[in-house]
Amino acid sequence: MAHCTKCQTEWTFKDKLRTVKNLDGSAKCPYCVEKQYISLKTKRQGSMLSMIIILAIFIPVFFDIPLMVHILIGAASIIAVLILQVAIIQLSGKEEFPE
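Since this is a predicted model, take the numbers as computed values, not measurements.

Asks: Describe in detail a nonpolar patch on the surface, supporting the description with residues and values.
Replies: Together, Met51, Ile54, Leu55, Ile57, Phe58, Ile59, Val61, Phe62, Phe63, Ile65, Val69 and Ile73 give the surface a local cluster of nonpolar side chains, amounting to about 1100 Å² of exposed area. If you list the elements that add at least two residues to the nonpolar patch, you get helix H2 (40-58) and helix H3 (67-87). Tallying contributions element by element places H2 first for the nonpolar patch, with 5 residues. Relative to the helices and strands, phenylalanine 62 resides in the loop between H2 and H3.

Asks: Describe in detail the pattern of salt bridges, supporting the description with residues and values.
Replies: One pass over the full model with this rule turns up 2 salt bridges. Across the pair glutamate 34 and lysine 6 runs a salt bridge whose closest N-O atoms are separated by 3.7 Å. A residue pair is termed long-range when its members are at least 10 positions apart, and glutamate 34 in the loop between strand S1 (26-28) and strand S2 (35-38) and lysine 6 in the segment before helix H1 (13-21) qualify at 28 residues. Of the charged contacts, one joins aspartate 15 and arginine 18 as a salt bridge, the two residues approaching to 3.8 Å between their closest N and O atoms. Placement of the pair is aspartate 15 and arginine 18 together in helix H1, with a separation of 3 residues, close to one helical turn. Owing to a relative accessible area of 32%, arginine 18 belongs among the partly exposed residues under this scheme.

What counts and how
Residues numbered from 1 in each chain as written. Predicted model: local features only at pLDDT ≥ 70, side-chain atom pairs only at ≥ 80, totals over all residues. Heavy atoms only, no water. Patch = residues over 30% accessible without salt bridge, like charges linked within 9 Å, V, L, I, M, F, W, Y side chains within 5 Å. Areas by Shrake-Rupley, 256 points an atom, 1.4 Å probe, with all protein chains shown as cover. Salt bridge = Lys/Arg side-chain N within 4 Å of Asp/Glu carboxyl O. Helix = DSSP H or I, 4+ residues; strand = E, 2+ residues; numbered from the N terminus. Buried < 20%, exposed > 50% of the residue type's maximum accessible area, 1.4 Å probe, protein only.

Below, the structure written as structure tokens:
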């Protein structure tokens, strides 16, 4: 669950979706208007989740699966990963970079 680091208010799914849409990974808290960033831990988890899409697209190639099923598996994995990435968001009061 994502909480604002200043006012400790829990963000809704829609609020967290706004941070993912921004390319810089930041958004203003809808309650206290303090700028919040996606935490480094969340960025790392999101990159690992993205591997699911790659696996879902390439693994069915090795099996005799019809193209339509292959496309549906790829689309379902993309949707699932996007929803999971928004669900796991944790916020930080400052922008974090890897050391």
